[in-house]
Amino acid sequence: MSYCVNCGVELDSSSVECPLCHTPVINPSEILLQIKNPPFPKEKGSVETVKRKDLAILLSIVLISTGVTCALLNILVFNQSMWSLLIIGVCCCIWIFMIPVIIYTRLTIYASLLFDGLALGSYLFLITFVTQNDRWYFHLGIPIVLLLTIQTEIFTLLMRHIKISIITTSLYVFSNLAVLCVGLELIINHFLYGRLYIIWSAIVLTVCCIIIISLITILSQKRLRESIRRRMHF
Amino acid sequence: MNKKYILPKAEKRSWYKLDLSAIVYPTLQRKDFSSVYRLSIVLKESIQPDILQLAIDQALPRFPTYKVSLRKGLFWRYLEPNEKPGPFVTPDISNPCMPMPFKLNNRYLIRFYYYQNRISLEAHHCLGDGSGGMCVLLTITAQYLRLLGHTITNKGMVLDIHETPHPEELEDAYMRYANSKVKPPRLGEKAYRVRGTKEPFYTLNIIDGIMSVSEVMTVAKSYKATITEYLNAVLLYSLLQKQATDFSFKTRPVKIAMPVNLRRFFPSRTLRNFISMIYPTIDPRLGEYTFEEIIIQVHHYMRYYINDKFLRGDITTNASTQQHPIIRVVPLFIKDYIVKQFYTKVQDRNSSAGLTNMGALQLPEDMKPFVERFDIYMGQPFSPRTNCAIISFEDVLTVNFASSIVESDVERFFFRKLVRDGIHVKIESNREPGLEVE
């Protein structure tokens, strides 16, 4: 029978320290005694993930049947163009977007975002295939999809792995917004005029820079940061 | 034991409405949180899991509102009888009150564990409150002891597994008593919130304090208080001490959310939820309170609020919200969003800790020799903090703390105060050693 020298409570015979103050238990008279069964088991439980098999099957069947019926309609009735490819592409995209939600829930968010980007890129390629015009695809479609995918991946990484507060979240949002606007204008101008320059996005960039510099200042000054948090909490 | 068992003719219904309290609990469901409580009975002999499983299979049909699954309607959720196999007894785990997804475990909202001499029942709060759950656990334990060859009579919370459930056991008793002429407004002010490091997912820190009822009673009497008032005051005192050691910008009132068993005031045999919350409060902004002053405050608060008039008014206020015609036609997903926002922003911030006292459990005389003690855990708190639950049997009083924060400051202040008052306390815990340095 051991007692905590700080708290004065009796401790269970299996305790190696006081659970209240973490003072180690050193009882010379019981040092050679075999440790008794602990009051709680050691095995930790975990909840298995909910299987959404039925919903996944239903969604897959609905998308497959939509694609197949449209393809048949395209081949047998309205066969002037290959319009059914666009609908089949949409069905494939929806299926890929739904993978992390109902089909394979253990898929990491980064992999699913990558697949979403690839699906979007492939769908744009399908449009170029149907319309027989691929100039916009390589100079406009792919760069924009690439930019969006990279930005989303970085934003997710920052939100999940770096300490989050309202101020840091705002910092990420405004940084991403600035990069997105500048990137979009550069890509569009290069596609239209063959030159890399910015006009309207420069204004967005300037405003975002002011906000970003202010946020960094707030983040680096602890007193200022606490003051803002105190006044802005909800 | 090998004789073929005939299931009792329990009243069969195809579905049950959720009671007034139960409506809220499923809306708070998160990936890492379910409103699950745990009741444990510690026997004097090791548990035989196969016999226990048999006892559950035989006794659970007696409780039709516990052998159910939760389903979604367009406007409200409801309970549906569950005929799937289970629930099954499993070896106990170190992190009780794990989240309980509604679609797992064959859709049962009840779990059974065994460990050494202990049988534990975990139930989702939408099925019923602690009193209802305790009835289930005691009836199953009595059946388990009968299967071992002992004679146990049906009395009090041990129900006859062969009789048809009384309609009152299945009722939403709130609705029977929600008839006050006024609807008192809910007053609320943000309370102090315990600051601490949030534990990772699937961790629930438990600290049990085991003591003698007579010792606690003597100390409580010396303060001219009941056991509940005394332990409530000790918890408030511990929270005040914790707030004083925190570096907080603003001192806030310390409040305890305390469920009151309404069966004491409004006769009902319901096994579903029938509780109301009161909030004993100490406001340190008014000045420094001594422990004696805290006890006086708690004593008068309880005398003032725990009576049928106030409680009826509280029930009526809650029921009027649920029965409002506009609220009733709002689709469930919108209700879910609004309730969750209200709970997160208002209700959860309205208390610093939870404390429940199930009181002294009465068992049939022939069952008493087999039982050592009981444990009760309020489960995973919605926000990182600590909850306290008290239960007593014969001369053993157990105070069970369940917390989702790393620090054990509140528990330390609490038990040290009891020791200073001359109460002998034995501590048991599932906390892993060496994780925190004082």
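All chains use their own residue numbering, which begins from 1 and follows the written sequence. The naming scheme follows written order: chains are lettered A onward, ligands numbered 1 onward. The model is predicted, so local features are restricted to residues of pLDDT at least 70 and side-chain atom pairs to those at 80 or more, both for listing and for counting; the totals for chains, interfaces and linings are taken over all residues. To get the side-chain values, take all heavy atoms of the structure and skip hydrogens and water.

Let us now look at the packing of helix α5 (residues 166-193) of chain A against helix α6 (residues 200-220) of chain A. All names here are of chain A. Relative orientation of the contacting elements α5 and α6 amounts to 160 degrees, with a least axis distance of 9 Å. As summarised for this structure, α5 and α6 are arranged roughly antiparallel, according to the angle between their axes. With respect to the hand of their crossing, α5 and α6 are arranged in left-handed fashion. Of the residues in α6, those in contact with Ile-167, Thr-168, Ser-170, Leu-171, Phe-174, Ser-175, Leu-177, Ala-178, Cys-181, Val-182 and Glu-185 of α5 are Trp-200, Ser-201, Ala-202, Val-204, Leu-205, Cys-208, Ile-211, Ile-212, Leu-215, Ile-216, Ile-218 and Leu-219. Note that Gly is not counted as nonpolar here; it falls among the polar residues with everything else outside the nonpolar set of Ala, Val, Leu, Ile, Met, Phe, Trp, Tyr, Cys and Pro and the charged set of Asp, Glu, Lys and Arg. The residue inventory of the contact of α5 with α6, partitioned by class, reads 18 nonpolar, 4 polar and 1 charged. Only the stretch in contact is used when a helix axis is fitted, and all axes are lines through C-alpha atoms; the angle between N-to-C directions ranges over 0 to 180 degrees. Elements are defined by DSSP. Helices are runs of H or I of four residues or more, strands are runs of E of two residues or more, and each kind is numbered from the N terminus. Under this scheme an angle from 65 to 115 degrees is roughly perpendicular, one under 35 degrees roughly parallel, and one over 145 degrees roughly antiparallel; angles in between are oblique. In a left-handed crossing the near helix is turned counterclockwise from the far helix by less than a right angle, and in a right-handed crossing that turn is clockwise. When checking whether two residues touch, look at their non-hydrogen atoms; a contact exists if any pair is within 4.5 Å.

Let us now look at the sheet that holds strand β3 (residues 68-72) of chain B. All names here are of chain B. The strand order across the open sheet formed by 3 strands is β1-β4-β3, and the pairing between neighbours is antiparallel. Two strands lie at the open edges of the sheet, namely β1 (16-17) and β3, each paired on one side alone. Relative to strand β4 (residues 77-81), β1 is paired through 2 bridges, and the arrangement is antiparallel. Residue pairing for β4: Lys-17 is matched across the bridge by Tyr-78. Only when DSSP finds a minimum of two bridges between them are two strands counted as paired.

Turning our eyes to something else, we now look at the pairing of strand β9 (residues 254-261) of chain B. Residues and elements named next belong to chain B. By the criterion of burial, β9 is predominantly enclosed, with 7 of the 8 residues buried. Relative to strand β11 (residues 281-282), β9 runs antiparallel, the two being bridged by 2 bridges. Considered in β11, the bridge of Val-254 is made with Ile-282. Bridge count for β9 against strand β12 (residues 353-360) is 2 bridges, and the pairing is parallel. Paired with Ala-257 across the strands is Gly-354, a residue of β12. Strand direction decides the pairing type here: β9 and strand β10 (residues 275-278), joined by 4 bridges, are antiparallel. Bridging across to β10, Met-258 finds its partner in Ile-278. A simple rule labels every residue: compare its accessible area, found with a 1.4 Å probe on the protein chains alone, to the largest value its type can have, and call it buried under 20%, exposed over 50%, or partly exposed in between.

On to the nonpolar core. Residue and element names in this part refer to chain B. What makes a nonpolar core is a set of buried Ala, Val, Leu, Ile, Met, Phe, Trp, Tyr and Cys residues whose side-chain atoms join them at distances within 4.5 Å. Membership of the largest hydrophobic core comes to 66 residues, with the highest contact counts inside it found for Tyr-230, Leu-231, Leu-235, Val-399, Phe-415 and Leu-418. At 10 residues, helix α6 (residues 227-245) tops the list of elements feeding residues into this core. Setting aside anything within four residues of it in sequence, one finds Tyr-230 in contact with Val-216, Val-219, Ala-220, Tyr-223, Ala-225, Phe-291, Ile-295, Leu-418, Asp-421 and Ile-423. Counting 63 residues, the second largest nonpolar core, distinct from the first, contains Val-89, Leu-147, Leu-204 and Leu-361.

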